[in-house]
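# Observations on the three-dimensional arrangement
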Amino acid sequence: MTIRKVASLCLALAATLAFALPIQAADTPVAVKSLRGTDVIGPSLEPDVPKVPNDRGALPRDFVQQPPLIPHDIRGYQITKNFNKCLDCHAWNRAQETGATKISVTHFRDRDGHELAGVSTRRYFCVQCHVAQTDAKPLVANTFQKSTGLK
């Protein structure tokens, strides 16, 4: 097929669609809603931030290889390249004293599998994988089922 034929077909298709699609009058506003059900054109409202139950212990996992969920509030935790608030409690030399879960040994390996003296830079930013769990209602319906191996 030549380029001219393809271009002609595209123009014909565009013209057909232009007549087939309903056209809304310019003075009729389009109702667009956010997932929270608020008007996206209006002022942005501060979302309701669900409360995170404090220290409810280890939370069950829903799929194999799921990173553990954080069972406490982490709002205000500083995690930068120079400081990681999580390590105040979860570092191996602090976990027994604080009663927190120790960081997994997998966090002390580089990408080639070599053991490191400290937490790998690949695993340093905890909230890339670990999230604080809340009982917030889902924004959209889903049919997710827990992994059968974990039931």
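Residues numbered from 1 in each chain as written. Predicted model: local features only at pLDDT ≥ 70, side-chain atom pairs only at ≥ 80, totals over all residues. Heavy atoms only, no water.

Looking now at the overall build of the chain. Scanning the chain from terminus to terminus reveals 3 helices and 0 strands. Listed N to C, the secondary structure of the chain is α-α-α in terms of helices and strands. With 151 residues in all, the chain has 12% of them scored as buried. Long-range contacts, defined here as pairs at least 24 residues apart, represent 42% of the contacts in the chain between residues at least 6 apart. Within the structure as shown, the chain displays about 12600 Å² of accessible surface, and the carbon and sulfur contribution to it stands at 58%. (Helix = DSSP H or I, 4+ residues; strand = E, 2+ residues; numbered from the N terminus. Buried < 20%, exposed > 50% of the residue type's maximum accessible area, 1.4 Å probe, protein only. Contact = heavy atoms within 4.5 Å. Areas by Shrake-Rupley, 256 points an atom, 1.4 Å probe, with all protein chains shown as cover.)

A negative phi angle is the norm for most residues apart from glycine, just as the trans form is the norm for most peptide bonds. Phi is positive for glutamine 65, close to 70°, though the residue is something other than glycine. Note on placement: glutamine 65 falls in the loop between helix 1 (3-20) and helix 2 (87-90).

Bringing the side chain of histidine 130 into the picture now. Following the sequence through the fold, histidine 130 ends up in the segment after helix 3 (92-98). Polar side-chain contacts of histidine 130 include one of 2.8 Å to the backbone oxygen of proline 68. When near neighbours in sequence (up to four residues on either side) are disregarded, histidine 130 contacts Pro67, Pro68, Ile70 and His107. (Polar contact = N/O pair within 3.5 Å; in protein donor to acceptor, adjacent residues only side chain to side chain.)

To continue, consider the packing of aromatic side chains. Throughout the structure, instances matching the rule amount to 2 aromatic pairs. Both rings, one in tyrosine 124 and one in phenylalanine 125, keep their centres 5.2 Å apart while their planes meet at 90°; by these two values the pair is edge-to-face. Judged by relative accessible area, which is 16%, tyrosine 124 ranks as buried. Between the NZ or CZ atom of lysine 102 and the centre of the ring of tryptophan 92, over which it lies, the distance is 4.6 Å. (Phe/Tyr/Trp six-rings, centres within 6.5 Å; stacked < 30°, edge-to-face > 60°. Lys NZ or Arg CZ within 6 Å of the ring centre and 35° of its normal.)

A few words now on the pattern of salt bridges. The tally for this structure, following the rule as stated, stands at 3 salt bridges. Two residues, arginine 109 and glutamate 115, come together in a salt bridge whose shortest N-O distance is 3.0 Å. Here arginine 109 falls in the partly exposed class, since its relative accessible area comes to 30%. Judged by relative accessible area, which is 54%, glutamate 115 ranks as exposed. (Salt bridge = Lys/Arg side-chain N within 4 Å of Asp/Glu carboxyl O.)

As a further point, take the environment of serine 147. Along the chain, serine 147 falls in the segment after helix 3. Take serine 147: its relative accessible area is 23%, and that puts it in the partly exposed class. Through-space distance from the C-alpha of serine 147 to that of phenylalanine 63 is 5.0 Å; in sequence the pair is 84 residues apart. With residues up to four places along the chain from it excluded, the contact list for serine 147 reads Asp62, Phe63 and Val64.

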